[in-house]
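Chains, contacts and geometry: an overview
The primary structure of each chain is shown beneath.
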Amino acid sequence: MPELCHSPFTLYGTSACHLCEQASALLALAVRESIISDYAEVDISADDALFLRYGLRIPVLRSHSGRELDGPFSPEQLLNFLEAEAPPQG
């Protein structure tokens, strides 16, 4: 499946999903706190393949490396996921 965006993180969900809204709010906070630079949101309802892949798992956060975090996730789980994706310091 081709990548749909070039952001470091992609949040897959739908507009009618309250868990997706919560996940988006957590990611927006991570951007404001400079934990991540940005993220993209993809509505899976517009794509049959994405709906089949993620429909029962949303929200799903996918990193540029291909790792995925299924929702719902807590702020701590999100932070652990984001830290694991951070480039090595030094």
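The following refers to the structure shown. (Residues numbered from 1 in each chain as written. Predicted model: local features only at pLDDT ≥ 70, side-chain atom pairs only at ≥ 80, totals over all residues. Heavy atoms only, no water.)

Notes on the pairing of strand E1 (residues 9-13)
What counts here: The buried label applies to any residue whose accessible area, calculated with a 1.4 Å probe on protein chains only, is under 20% of its type's maximum; exposed applies above 50%, and partly exposed to all values in between. Each helix is a run of DSSP H or I of at least 4 residues and each strand a run of E of at least 2, with the numbering of both proceeding from the N terminus. Pairing between two strands is assigned when DSSP locates at least 2 bridges connecting them. Call a crossover right-handed when, viewed with both strands pointing away from you, the route from the first strand across the helix to the second goes clockwise.
In terms of burial, E1 is largely enclosed, as five of its five residues are buried. Going residue by residue along E1, you find Phe9, Leu11 and Gly13 tucked away on one face and Thr10 and Tyr12 tucked away on the opposite face as well. Note: E1 against strand E2 (residues 40-43), four bridges, orientation parallel. Along E2, the bridge assignment pairs Thr10 with Ala40. In this view, the connection linking E1 to its parallel neighbour E2 by way of helix H1 (residues 18-32) has right-handed handedness.

Comments concerning the sheet that holds E2
Each strand in a sheet pairs with another by means of backbone hydrogen bonds, the pair being arranged parallel or else antiparallel. We apply this condition: Axis definition: a line fit to C-alpha positions, over the contact stretch in the case of helices; interaxial angles, taken between N-to-C directions, run 0 to 180 degrees. Whether two residues are in contact is decided by their heavy atoms, any of which lying within 4.5 Å being enough.
Ordered by their spatial adjacency, four strands build an open sheet running E2-E1-E3-E4, and the pairing between neighbours is mixed. In this open sheet, the two strands that pair with only one neighbour each are E2 and strand E4 (68-70). Put simply, the sheet's adjacent strands are angled 20 degrees from each other on average, direction ignored. Most of the contacts of H1 go to E1, to which it runs at about 160 degrees, and overall it touches E1, E2 and strand E3 (60-63).

Let's talk about the pattern of salt bridges
The criterion, for reference: Here, a salt bridge means any Lys or Arg side-chain nitrogen found within 4 Å of an Asp or Glu carboxyl oxygen.
In this structure the tally under the stated criterion is five salt bridges. Between Arg57 and Glu68 there is a salt bridge whose closest N-O contact spans 2.6 Å. Here the residue Arg57 occupies a position in the loop between helix H2 (48-54) and E3, and Glu68 occupies one in strand E4, the gap between them amounting to eleven residues. For Glu68, a relative accessible area of 26% gives the class partly exposed.

So, the side chain of Glu85
The following threshold applies: Polar contacts here mean pairs of N or O atoms no more than 3.5 Å apart (in protein, one a potential hydrogen donor and the other a potential acceptor; neighbouring residues in sequence count only if both atoms are side-chain atoms).
Checked against the element boundaries, Glu85 lands in helix H3 (residues 75-85). For Glu85, a relative accessible area of 10% puts it in the buried group. A distance of 2.7 Å separates a polar atom in the side chain of Glu85 from a polar atom in the side chain of Arg67.

As for the packing of aromatic side chains
For the record, the criterion: For Phe, Tyr and Trp, where Trp contributes only its six-membered ring, two rings pair if their centres lie within 6.5 Å, and the inter-plane angle classes them as stacked under 30 degrees, edge-to-face over 60, or tilted in between.
One pass over the structure, following the stated rule, counts two aromatic pairs. Each ring, one from Tyr12 and one from Tyr54, has its centre 4.4 Å from the other, and the planes form 10 degrees; the classification is stacked. Highlighted residues: Tyr12 in strand E1 and Tyr54 in helix H2, separated in sequence by 42 residues. Given the relative accessible area of 0%, Tyr54 is considered buried.

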